[in-house]
Amino acid sequence: MDCKSRSSTCIAPINIAVIKYWGKSDEEQIIPLNDSISITLDTDYMFTKTTATISPEFTQDSIVLNNEQGSGDGVRFQNCLSEVRKLAASSKHASTVEKSTWKVAIVSENNFPTKAGLASSASGYACLVFTLAQLYELESHQSELSALARRGSGSACRSLFGGFVRWFHDSQPCIARPIAEAEHWPELRCLVAVVSNTSKSVGSTEGMRRSAETSKLLEHRVKNVVRDRIEDIKMAILEKNFVKFAEITMRDSNQFHAICLDTYPPLFYMNSTSQAIIQLVHRYNQIRQSVKVAYTFDAGPNAVLFLEQAEISRFASVFYSVFGSTPHDQFFRGKVPDLVDPTEDVTSLVPEKALKGQVQYTIVCHVGQGPKNIDPTG
Ligand code: DP6
C-alpha cells in the first residue's frame with residue numbers, strides 16, 4: 001500500500017430500545033415518528049469492529065461486511081459517507097480537506113452472529129461513522145456524528161453514546177443524546193436470549209413503512225401514548241426504579257408487537273418461544289411477588305430481558321431449567337452467572353419439556369460505553 005494511505009479501527013456497541021422507534025415521518029432523512037429510549041450494551045461480548053482506510057490510490061469506495069464483499073454504492077452507506085466527507089471538506093486543516101476527496105475501503109465485522117437476528121445495523125453504522133470521524137480527525141461533537149449515523153439506520157444514532165439514550169424526533173438536527181451514563185445503574189443486567197428461528201421475517205425498514213401506512217394503532221401510539229411513556233421511563237431510569245422501568249418496558253414491547261399485528265398484511269416477529277418467555281417472566285414476577293424481570297422484543301423472536309444483579313442467579317437458574325439443553329457454560333455467554341437450585345416456588349414454573357432447546361444460548365451483559373478507537377496509537 002502507498003505511504004499516503006491512512007487507517008483507523010474502532011468498535012461500537014449495540015443498543016436495545018425500551019421505548020421503540022417504529023415508523024418514519026421522512027424515509028430519506030430517516031426522521032422517526034416518535035422519540036425512543038435505549039440502553040447501550042457493553043462490548044465485552046457483542047460489538048461491531050470496523051477498519052476504514054483512505055488512499056489517493058483507491059479508485060472506488062468499497063466495503064467488506066463479515067468477510068463478504070458488499071456494494072460500495074448502497075444508498076445508506078453512501079449517504080453516511082458523503083455526510084462525513086462534507087464535514088471533512090469543511091475542516092480548517094488542509095490535510096483533512098485533501099483526504100476528503102480520497103476513496104475509502106471499509107472492512108467491518110460483527111463478533112456476534114447476525115444470522116441470529118441480533119441488531120447489527122445499529123452498531124454497524126455507528127461504527128462506520130465513528131471510525132471515519134477518527135480517520136479524518138474530525139473535531140465534531142458526538143451528537144453531530146449521531147445525526148450522520150442516523151442516515152445509515154435510525155437506531156444507529158443511539159449507539160454513538162453509552163448508557164441510557166434518548167433519540168429526539170423533533171430536534172434540529174435530529175439526534176440522540178444521553179439521559180444517564182453507563183455507570184448510573186451498575187446493578188442493571190441484560191440477558192439476550194437467542195431463540196431458534198427458521199422463518200425469514202420482514203426487515204425493519206419495510207415493516208415500519210407498512211405499519212405507518214396501515215396501522216391506526218401506530219397513529220394512536222404516536223399521538224397519545226409515547227410522550228408520557230418517555231417521561232415516565234426517563235424518571236424511572238433516573239430514580240433507578242426497577243419496577244416502574246420494567247413495567248413500561250414490557251408494555252412498550254407489547255404495544256409495538258400489537259402494532260405489528262394491526263399492520264395490514266400483519267407482521268409476525270415473535271414466535272411461540274417468544275410467547276413462552278413472556279409467560280414465564282410474568283409468572284416468575286407473580287411468584288416473586290414483585291416485578292423482578294422485564295422483557296422486550298425487536299423485529300424478531302429473540303428476547304432481551306432486564307433484571308438487577310441480585311436476581312440474576314435465581315432467574316438464570318429457572319430460565320436454564322426451562323430452556324437450556326446444553327451445558328450451562330455454553331448456554332450462558334458473556335458474564336456467566338452462578339446457578340442455584342431453583343427453589344420450590346419457582347420449580348412450578350418449569351412444566352413443559354418441549355421448550356428445552358428452543359433458546360439456543362443467552363448472552364449476559366451490563367450497560368456499556370459508546371464507540372471507541374482501538375488503534376494501537378488511538
Ligand atoms: C424494532 O433502525 O433497523 O429495533 O431506520 O429503517 O434502518 P431503519 O430501522 P432500524 O429499526 C429498529 C427498530 C426496532 C426498535 C428500535 O430499535 O427502536
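Since we're looking at a predicted model, the values are computed, not measured.

What counts and what doesn't
- Residues numbered from 1 in each chain as written.
- Predicted model: local features only at pLDDT ≥ 70, side-chain atom pairs only at ≥ 80, totals over all residues.
- Heavy atoms only, no water.
- Phe/Tyr/Trp six-rings, centres within 6.5 Å; stacked < 30°, edge-to-face > 60°.
- Helix = DSSP H or I, 4+ residues; strand = E, 2+ residues; numbered from the N terminus.
- Buried < 20%, exposed > 50% of the residue type's maximum accessible area, 1.4 Å probe, protein only.
- Lys NZ or Arg CZ within 6 Å of the ring centre and 35° of its normal.
- Pairing = 2+ DSSP bridges.
- Axes fitted to C-alpha atoms, helices over the stretch in contact; angles between N-to-C directions.
- Parallel < 35°, antiparallel > 145°, perpendicular 65-115°, else oblique.
- Left-handed = near helix turned anticlockwise from the far one by under 90°.
- Contact = heavy atoms within 4.5 Å.
- Disulfide = S-S within 2.5 Å.
- Near = heavy atom within 4 Å.
- Polar contact = N/O pair within 3.5 Å; in protein donor to acceptor, adjacent residues only side chain to side chain.
- Areas by Shrake-Rupley, 256 points an atom, 1.4 Å probe, with all protein chains shown as cover.

Draft legend 1. Seen up close, the packing of aromatic side chains. This model, assessed by the stated rule, comprises 17 aromatic pairs. Here Phe164 and Trp185 contribute two aromatic rings whose centre-to-centre distance is 6.3 Å and whose plane-to-plane angle is 25 degrees, an arrangement assigned as stacked. Taken together, the residues Phe164 in strand 10 (residues 164–167) and Trp185 in the loop between strand 11 (176–180) and strand 12 (188–195) connect sequence positions 21 residues apart. The same class applies to Phe164 as to Trp185, namely buried. Each ring, one from Phe245 and one from Phe306, has its centre 5.7 Å from the other, and the planes form 80 degrees; the classification is edge-to-face. A residue pair is termed long-range when its members are at least 10 positions apart, and Phe245 in helix 7 (residues 242–262) and Phe306 in strand 14 (residues 303–308) qualify at 61 residues. Residue class for Phe245 comes out buried when judged on its relative accessible area of 0%. The class of Phe306 is buried, set by a relative accessible area of 1%. Aromatic ring contacts, followed pair by pair, group Tyr284, Phe315, Phe319, Tyr320, Phe323, Phe331 and Phe332 into a single cluster. The ring of Tyr361 is capped by Arg333, whose NZ or CZ atom sits 3.6 Å from the centre of that ring.

Draft legend 2. View of the pairing of strand 5 (residues 36–40). Counting buried positions along strand 5 gives five out of five residues, so the element sits mostly inside the fold. Side-chain alternation along strand 5 places Ser36, Ser38 and Thr40 on one buried face and Ile37 and Ile39 on a second face that is also buried. Sheet topology note: the strand 2 (residues 15–19)/strand 5 ladder contains four bridges and is antiparallel. Residue pairing across strands places Ala17 opposite Ser38, the latter belonging to strand 5. Judged from the four bridges that link them, strand 5 and strand 10 form a sheet pairing that is antiparallel. Considered in strand 10, the bridge of Ser38 is made with Val165.

Draft legend 3. Representation of the packing of helix 1 (residues 75–89) against helix 3 (residues 121–135). Running from N to C, helix 1 and helix 3 cross one another at 25 degrees; their axes reach a closest spacing of 10 Å. By the angle between their directions, the pair helix 1 and helix 3 is classed as roughly parallel. Considering how the two elements wind past one another, helix 1 and helix 3 form a crossing that is right-handed. Here Arg76, Phe77, Cys80, Leu81 and Val84 of helix 1 come into contact with helix 3, specifically with Tyr125, Leu128, Val129 and Leu132.

Draft legend 4. Spotlight on the state of the cysteines. Considering all chains together, one arrives at zero disulfides under this definition. Looking at the unpaired Cys10, the closest cysteine sulfur is the one in Cys127, lying at 6.1 Å. Free cysteine Cys260: the closest other cysteine sulfur is in Cys157, separated by 20 Å.

Draft legend 5. Inspection of the site of the ligand at higher detail. Taken together, 18 residues are adjacent to the ligand, and Tyr21, Lys24, Ser153, Ser155 and Thr205 come closest. Within the side chain of Ser153, a nitrogen or oxygen atom sits 2.7 Å from an oxygen atom of the ligand. One nitrogen or oxygen atom from the main chain of Gly154 is found 2.7 Å from an oxygen atom belonging to the ligand. Burial of the ligand by the protein chains amounts to 93% of its free accessible area of 460 Å². Considering each element in turn, the shell around the ligand owes the most residues, three residues, to helix 5 (residues 204–214).

Draft legend 6. Fine view of the sheet that holds strand 12. Pairing is mixed across the open sheet formed by five strands, whose spatial order is 13-14-12-16-15. One side of each edge strand has no neighbouring strand; the edge strands of this open sheet are strand 13 (293–296) and strand 15 (332–334). Across the sheet, the mean angle separating the axes of adjacent strands is 25 degrees when strand polarity is ignored. The pairing of strand 12 with strand 16 (residues 359–366) spans seven bridges and is antiparallel. Directly across from Leu191, in strand 16, lies its bridge partner Val364. Sheet strands touched by helix 7: strand 12, strand 13 and strand 14. Its angle to strand 13, the strand with the most contacts, is close to 25 degrees. Contacts from helix 8 (residues 272–287) reach strand 12, strand 13, strand 14 and strand 16 within the one sheet, and its direction differs from that of strand 13 by about 160 degrees.

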